Amino acid sequence: AEFTVNLADEGGKRYFKGEISLGYDKTKTKLAEELTADQVVVRDDIIFYFKSQKADFINDVKNKEEMKKQLIEAINKDLTKGKITDIRFKSMIVQ
């Protein structure tokens, strides 16, 4: 899914734009159904995560794994039929 989110930087002038895909065990059909049914919840989790981050944190390559981990945790807390195991950034721009 594609997202454009204002970041937590002073003045709210910076934003994240990117495309994110979720990785999970494809044999878990109930989880796939839940992710489809709860798209709004998952989108909210991702948007709220980025709203709380600053551009410098996101731009720092060293933080990429930490960002993935935090996003996976944020999304998994709202899932009941299984857990996502990975997040991929298809594209990512911070301006």
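Residues numbered from 1 in each chain as written. Predicted model: local features only at pLDDT ≥ 70, side-chain atom pairs only at ≥ 80, totals over all residues. Heavy atoms only, no water.

Draft legend 1. Up close: the overall build of the chain. Along the chain, the regular secondary structure elements total four helices and three strands. Secondary structure elements in the chain, listed N-terminal to C-terminal, are β-β-α-α-α-α-β. Here the C-alpha atoms of the chain give a radius of gyration of 14 Å, agreeing with the 12 Å that 2.2 N^0.38 yields for 95 residues. Taken over 95 residues, the chain has a buried fraction of 37%. Sequence-distant contacts, at least 24 apart, represent 63% of the contacts inside the chain between residues at least 6 apart. Within the structure as shown, the chain displays about 6,000 Å² of accessible surface, and the carbon and sulfur contribution to it stands at 50%. Once the 18 positive and 17 negative side-chain charges of the chain are each reduced to a mean point, those two points are 2 Å apart. (Helix = DSSP H or I, 4+ residues; strand = E, 2+ residues; numbered from the N terminus. Rg over C-alpha atoms; globule rule 2.2 N^0.38 Å. Buried < 20%, exposed > 50% of the residue type's maximum accessible area, 1.4 Å probe, protein only. Contact = heavy atoms within 4.5 Å. Areas by Shrake-Rupley, 256 points an atom, 1.4 Å probe, with all protein chains shown as cover. Lys, Arg positive; Asp, Glu negative; His and termini not counted. Charge placed at Lys NZ, Arg CZ, Asp CG, Glu CD.)

Draft legend 2. Seen up close, the packing of aromatic side chains. Considering all chains together, one arrives at two aromatic pairs under this definition. Ring geometry for Phe 16 and Phe 50: centres 3.9 Å apart, planes at 5°, overall stacked. On the criterion of sequence distance, the pair formed by Phe 16 in strand β2 (residues 15-23) and Phe 50 in helix α2 (residues 39-51) is long-range, its members being 34 residues apart. A residue is classified by how much of its surface remains accessible, and Phe 50, at 0% relative accessible area, is buried. Between the aromatic rings of Tyr 49 and Phe 50, the centroid separation amounts to 5.3 Å while the plane-to-plane angle is 80°, which identifies the pairing as edge-to-face. (Phe/Tyr/Trp six-rings, centres within 6.5 Å; stacked < 30°, edge-to-face > 60°.)

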